[in-house]
Amino acid sequence: MYICESVRRLLIFNKAFRILIDTSINFTMELNFYKYQGTGNDFVMIDNRQDIFPKNDTKLVNFLCDRKFGIGADGLILLENDDATDFKMVYYNADGNESSMCGNGGRCLVAFAKFLNVIEDNCSFIAVDGLHTASVADGIVSLAMQNVEKIDVFDTYTFLNTGSPHHVQLVENLMHLDVKENGAKLRYGKYGSKGSNINFVAQEGDTTFSVRTYERGVEDETLSCGTGVTAVAIAMYETAKTTSNKITLKTPGGELKVSFEKNGVGYKNIHLVGPATQVFSGIIKV
Ligand SMILES: N[C@H](CCC[C@H](N)C(=O)O)C(=O)O
């Protein structure tokens, strides 16, 4: 009975997966995926509304994100059903571990949801850090981020959580900085095993800053980081480097805009705005 039941279950046809049984009883899955990027921060996107993806398989997520042996990405994102909102976001870093909020990933997921006709131009979704709303038009996504309640300002850097933890530090000669070496030193040295993302910043104008980010869980520089540029914008206002609440962030992967309102000791009505693009789609045997 068990064998019959397991074979029946394995033969369930599903949009996201086809489970093939070859003669030597090796089970392989064919996984449909979509590749998105938001200012160069790139993600494997999977429609998991039928809840088939093996969510605890760290090795599988790490393989899918591997740039030589897999699809290649900074992270992997599942789009899932949710009773109270338009969809649920589940985010994994490239190391295969589920992680905290991803701002660029959230923007790409909104564009993916529109592509799938799950939403039209406005939506709400639930993520690891709570409820988000967003709008999408002509490939540009505006994502509402969680409020920031606490900001720790030190002599040479600022630390805050914008859905993920961020160290923000102004540096000289940003373009020639070894971000991987200096970022890893802080990520493991100062922040230990839990870690933090590390953002190195240069001021370019009254309301414009350049940012290069070392990302926890990718353990390398990424071309941009959404929660990172959000942290930079707020940190620059908090430390009086700017008097504007509408900031432009220039990253190696492109330009993002962040706006916010002061809210007592914290900040509210925080929005991250920028492009989100589908690059390709495919099927991978796993
Ligand atoms: N690597 C981050 C999560 C993704 C953040 C980044 N991709 C973004 O756009 O916010 C962390 O583990 O804290």
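What counts as what
- Residues numbered from 1 in each chain as written.
- Predicted model: local features only at pLDDT ≥ 70, side-chain atom pairs only at ≥ 80, totals over all residues.
- Heavy atoms only, no water.
- Salt bridge = Lys/Arg side-chain N within 4 Å of Asp/Glu carboxyl O.
- Helix = DSSP H or I, 4+ residues; strand = E, 2+ residues; numbered from the N terminus.
- Buried < 20%, exposed > 50% of the residue type's maximum accessible area, 1.4 Å probe, protein only.
- Polar contact = N/O pair within 3.5 Å; in protein donor to acceptor, adjacent residues only side chain to side chain.
- Contact = heavy atoms within 4.5 Å.
- Phe/Tyr/Trp six-rings, centres within 6.5 Å; stacked < 30°, edge-to-face > 60°.
- Near = heavy atom within 4 Å.
- Areas by Shrake-Rupley, 256 points an atom, 1.4 Å probe, with all protein chains shown as cover.
- Nonpolar A, V, L, I, M, F, W, Y, C, P; charged D, E, K, R; others polar.
- Domains from an automatic or database assignment.
- Expected span 1.5 Å × (residues − 1).
- UniProt positions renumbered as here; feature names shortened; annotations may be inferred.

What follows covers the pattern of salt bridges. Pairing is possible between side chains of opposite charge, provided their charged atoms come close. Taken as a whole and assessed by the stated rule, the structure comprises 13 salt bridges. Ionic pairing is found between Glu219 and Arg187, a salt bridge with its closest N-O pair at 2.9 Å. You can see Glu219 sitting in the loop between β13 (208-215) and β14 (220-222) and its partner Arg187 sitting in helix α4 (residues 179-189), a full 32 residues away along the chain. Bridged by salt links that share partners, the residues Lys35, Asp42, Arg67 and Asp74 form one connected network.

Here we take up the side chain of Arg187. For Arg187, a relative accessible area of 7% puts it in the buried group. Of the polar contacts made by the side chain of Arg187, one reaches the side chain of Glu219; its length is 2.9 Å. The contacts of Arg187, once residues within four sequence positions are left out, are Gly192, Ser193, Lys194, Gly195, Ser196, Ile198, Tyr214, Arg216 and Glu219.

Turning to the packing of aromatic side chains, a few remarks are in order. Evaluated as defined, the whole model comprises twelve aromatic pairs. With a centroid separation of 5.0 Å and an interplanar angle of 10°, the aromatic rings of Phe87 and Phe125 are classed as stacked. Separated by 38 residues along the polypeptide, Phe87 in strand β5 (residues 87-93) and Phe125 in strand β6 (residues 122-127) bring together distant segments of the chain. Judged by its relative accessible area of 0%, Phe125 is buried. Taking 5.9 Å as the distance between ring centres and 90° as the angle between the ring planes, the aromatic pair formed by Tyr237 and Tyr267 counts as edge-to-face.

With respect to spatial proximity, 17 residues lie near the ligand, and among them Ser99, Asn197, Arg216, Gly226 and Thr227 are the closest. Ser99 is positioned such that a nitrogen or oxygen atom in its side chain is 2.7 Å from an oxygen atom of the ligand. One of the side-chain nitrogen or oxygen atoms of Asn197 is found 2.7 Å away from an oxygen atom of the ligand. Out of a free accessible area of 360 Å², the ligand has 100% covered by protein chains. When residues of the shell around the ligand are traced back to their parent elements, those giving at least two are β5, α3 (103-115) and α5 (226-238). Among the residues forming the shell around the ligand, the class breakdown is five nonpolar, ten polar and two charged. Counting only domains with at least three residues in the shell around the ligand, you end up with domain 1 (30-144 + 277-285) and domain 2 (151-264).

In a regular helix each residue adds 1.5 Å, so 13 residues correspond to 18 Å; α5 covers 18 Å between its end C-alpha atoms and thus fits that length. Counting buried positions along α5 gives eleven out of 13 residues, so the element sits mostly inside the fold. Considered for burial, the residues of α5 that qualify are Gly226, Thr227, Gly228, Val229, Thr230, Ala231, Val232, Ala233, Ile234, Ala235 and Met236. Where α5 terminates, the next one or two residues include Ala240, which has phi positive at roughly 60°.

So, about the UniProt feature "active site" (unreviewed entry) in the protein chain. The UniProt entry lists Cys102 and Cys225 under the feature "active site" (unreviewed entry), expressed in the numbering used here. These annotated residues cover 124 residues of sequence, and their C-alpha atoms all fall within 7.8 Å of one another, placing them together at a single site. According to the relative accessible area criterion, Cys102 is buried, its value standing at 6%. Setting aside chain neighbours within four positions, we find Cys102 in contact with Phe43, Met89, Tyr91 and Thr227.

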